[in-house]
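Letter by letter, the chains look like this.
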Amino acid sequence: MTWFNKQSRLVQILLLLIPGVNWIVEIVVRWSTFAKKGGLVRLIVCILVTIPSGIIIGWLDVIWCLLFKHLFLQ
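Calculation rules
Residues numbered from 1 in each chain as written. Predicted model: local features only at pLDDT ≥ 70, side-chain atom pairs only at ≥ 80, totals over all residues. Heavy atoms only, no water. Helix = DSSP H or I, 4+ residues; strand = E, 2+ residues; numbered from the N terminus. Rg over C-alpha atoms; globule rule 2.2 N^0.38 Å. Contact = heavy atoms within 4.5 Å. Areas by Shrake-Rupley, 256 points an atom, 1.4 Å probe, with all protein chains shown as cover. Phe/Tyr/Trp six-rings, centres within 6.5 Å; stacked < 30°, edge-to-face > 60°. Buried < 20%, exposed > 50% of the residue type's maximum accessible area, 1.4 Å probe, protein only. Core = buried A, V, L, I, M, F, W, Y, C linked by side-chain atoms within 4.5 Å.

## Concerning the overall build of the chain
At step 1: From N to C terminus, the chain includes five helices and zero strands.
At step 2: Secondary structure elements of the chain, listed N to C terminal, follow the sequence α-α-α-α-α.
At step 3: By the compact-globule yardstick of 11 Å for 74 residues, the chain fits well, its C-alpha radius of gyration being 11 Å.
At step 4: Reported as C-alpha extents along the three principal axes, the dimensions of the chain are approximately 30 × 25 × 20 Å.
At step 5: Across the chain, the fraction of contacts at a sequence separation of at least 24, relative to all contacts at a separation of at least 6, is 55%.
At step 6: Working note: accessible area of the chain is about 4,600 Å², and carbon and sulfur atoms make up 80% of it.

Given below as structure tokens:
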């Protein structure tokens, strides 16, 4: 998560726009955040991102990152 947040906004958006890369970034960022902070909501989001529906959450994260400069439910 720290690595992702240190990137420029353009790099973050590009990472989230590419479908395969998007899914991998989502999995790594979500599970690392859950490992550090824990929480039921984070666990549910991690599970949703890990299964193929994570692509939908990834597209939501692109929009969310553009508007609010962080990932959805982060």
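## Points about unusual backbone geometry
At step 1: The phi dihedral of Lys-69 falls on the positive side, at around 65°, and the residue is not glycine.
At step 2: Here Lys-69 lies in the segment after α5 (54-68).

## Quick look at the environment of Leu-73
At step 1: In this fold, Leu-73 is placed in the segment after α5.
At step 2: With 28 residues separating them in the primary sequence, Leu-73 and Val-45 have C-alpha atoms 8.1 Å apart.
At step 3: The contact partners of Leu-73, leaving out residues within four places of it in the chain, are Arg-30, Val-41 and Val-45.

## Observations regarding the packing of aromatic side chains
At step 1: Inspection of every chain in the model, using the stated rule, returns three aromatic pairs.
At step 2: Measuring from centroid to centroid gives 5.9 Å for Trp-31 and Phe-34, while their planes differ by 90°, and the two rings are edge-to-face. Of this pair, Trp-31 and Phe-34 both sit in helix α3 (residues 19-37), separated by three residues, roughly a single helical turn.
At step 3: With 4.7 Å between their ring centres and 50° between their planes, Trp-64 and Phe-68 make a pair best called tilted. Of the two residues, Trp-64 and Phe-68 both sit in helix α5, four residues apart, roughly one turn of that helix.
At step 4: Take Phe-68: its relative accessible area is 46%, and that puts it in the partly exposed class.

## Some remarks on the nonpolar core
At step 1: Ranked by size, the top nonpolar core spans nine residues in total: Phe-4, Ile-13, Leu-15, Leu-16, Val-25, Val-29, Val-62, Cys-65 and Leu-71.
At step 2: No other element matches the three residues that helix α2 (residues 9-17) contributes to this core.
At step 3: Not counting residues up to four positions away in its chain, the partners in contact with Leu-16 are Phe-4, Asn-22, Val-25, Glu-26, Gly-58, Asp-61, Val-62, Cys-65 and Leu-71.

These values are about where atoms sit, not about what they do.
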